[in-house]
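Overview (structure and organization)
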Amino acid sequence: MRDSYTLGGYIGDDTCAFSYEVSSNPRAEADTYKFNKEELDYATNFYTIGDWRIMPYGTNDNLPLLIKNTTQENSAAPGMLEKKTMMLWGKGPYLYKETKTAEDIIKTPVDDEAIQAWLDTWDYETYLFKCCVDYHHMEGAFTKVFKNRGARIGQLEKIAKLEHKIMDNCRLAFPMLSNEIKPTHIIETDHSRLTLSTITNMKVYPIFNHRDPFKFPTSMAYANQYSFGDEFYTNPPIFGSLEWLKRSTATPIIFKALSKNSINIKYHVESPQEFWDREEARIKENCDKSGKEYDGQMIIDYRQEFMKQLLKVLASEENTGKVWHTRKIIEVQGNNIIEHGWKITDIDQKIKDFVTSQIAISQRADRAVSAGIGLHGAIGNIAEAGKSDSGSEQLYAYQNYINSGVEIPELIVCKIINQAIKINFPGTKLKMGFHQTTTKREQDVTPSKRTTN
């Protein structure tokens, strides 16, 4: 057994489970491979469950969940990611045939009854849409591939259907005794490892091989875009914008805390001790006259009530223009002149400067997020402060994206379904893709077909 990369392991059955140490590193808990800082250098930080070594996705094996939580809590990122999904989707999936010319590659829509009949036996549109969403978050998608049952009774072997799987529940893996670090299987389970169900509900599937598609009744595939220096998983570009995402998300939270919890001190009130000494003496005198016993709480209650009346004058909008009057007493002690009087000083809280700086940080963060997601601000609703994106700028940004930003995503999202089409319908040259539309300027459209009409 090779354990140079293993820090912790699990073994068990349906009734119990044990964690164990398989390396010389001391371990205080089962998840010692977890780190406080998210980094991209996690390729060999494997962990073991049963007979399998699992390749973690992220430093703490939670990169899909991290991306999900960080983007969904942000005000701008979900809209931009959804916009990219909608632009890739266009008018929806369709079958087409490619024709190459000297100048271009032309995609011609084709109706094929046999292929369409197979597609209609399972929810292929929902499958493709979910893969689109996963791609724009993580640049990859997991698919479960089902072989038809009729092959058991002599019918022609075919792929029955494809099923999208949630990325956070899927991890690449290989046998613990393998001499080669290469993913051979995909494990589906709750990879948080917080409960025993991590082991008891774990499902292991061989990786789908389109060259030998019927070797297993059920298999799984991971279609993804290659990341430089990482042969296993894709590191999405948005990873580099996570800190900016957090800064952008923090701005409304800061404003909420400012309005809800801030002290917002408007005035500094300085009261003379001579005043309170005199009032305390007056209260004591009244107690003597009325036959009551003086209690120190009396001066405290009086001080609180007095300050409440003062705050009503200073803080209430309804009291604007009213006057609060006090007298100043001057005491002469030898050569010193001592003043006994109230002093109220207006405090400049500089709230405007604080709010302006937070908004500037948020706007800079939104632009950084737009760059990380790969969507031009003109079509991502991220504009410079005081600037409105013109229609032509939005048009050119959209056209540039359609011309250069959809081919590779379509290739990855439709990879498994196109492999399945070739397997089920040998010899066909048809492919599945997304029907894109081009947008024209208003002046290039006949008056009767313009948007204004």
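Just above, that's the structure.
Residues numbered from 1 in each chain as written. Predicted model: local features only at pLDDT ≥ 70, side-chain atom pairs only at ≥ 80, totals over all residues. Heavy atoms only, no water.

Observations concerning helix 7 (residues 273–290)
With 18 residues, helix 7 ought to run about 26 Å at 1.5 Å a step, and its terminal C-alpha atoms sit 26 Å apart, in line with that. Within the span of helix 7, buried status applies to F275, W276, E279, I283 and C287. Looking straight down helix 7, one finds its buried side chains confined to an arc of 115 degrees; they lie on one side. Exposed residues on helix 7 whose side chains face more than 90 degrees from its buried face are Q273, D288 and K289. The positive-phi residue at the C-terminal boundary of helix 7 is G291, with phi of around 80 degrees. (Helix = DSSP H or I, 4+ residues; strand = E, 2+ residues; numbered from the N terminus. Expected span 1.5 Å × (residues − 1). Buried < 20%, exposed > 50% of the residue type's maximum accessible area, 1.4 Å probe, protein only. Arc of directions from axis to C-beta.)

Describing the packing of aromatic side chains
What characterises a pair of aromatic rings is the spacing of the ring centres plus the angle enclosed by the ring planes. The full count for this structure, using the stated rule, is 16 aromatic pairs. Taking 5.8 Å as the distance between ring centres and 65 degrees as the angle between the ring planes, the aromatic pair formed by W122 and Y127 counts as edge-to-face. No difference in accessibility class separates W122 from Y127, as the two residues are buried. Relative to W276, the ring of F275 lies with its centre 4.9 Å away and its plane at 80 degrees, an arrangement referred to as edge-to-face. Relative accessible area serves as the criterion here: at 12%, F275 is assigned to the buried category. In this structure W276 comes out as buried when scored by relative accessible area, which is 5%. Put simply, the rings of W118, W122, Y124, Y127 and F425 touch in pairs and so form one group of aromatic residues. When the ring centre of F146 is taken as origin, the NZ or CZ atom of K161, which lies over that ring, is 4.9 Å away. Positioned over the ring face of W276 is R303, at 5.3 Å from the centre of the ring. (Phe/Tyr/Trp six-rings, centres within 6.5 Å; stacked < 30°, edge-to-face > 60°. Lys NZ or Arg CZ within 6 Å of the ring centre and 35° of its normal.)

What to know about the sheet that holds strand 17 (residues 431–434)
Reading across the sheet, the three strands line up as 6-5-17 and stay open at both edges, with antiparallel pairing between neighbours. Two strands bound the open sheet, and with one partner strand each, they are strand 6 (105–109) and strand 17. Taking each pair of neighbouring strands and ignoring which way they run, the sheet shows an average axis angle of 55 degrees. Bridge count between strand 5 (residues 93–100) and strand 17: four bridges; the pairing is antiparallel. The partner of Y96 across the bridge, within strand 17, is K431. (Pairing = 2+ DSSP bridges. Axes fitted to C-alpha atoms, helices over the stretch in contact; angles between N-to-C directions.)

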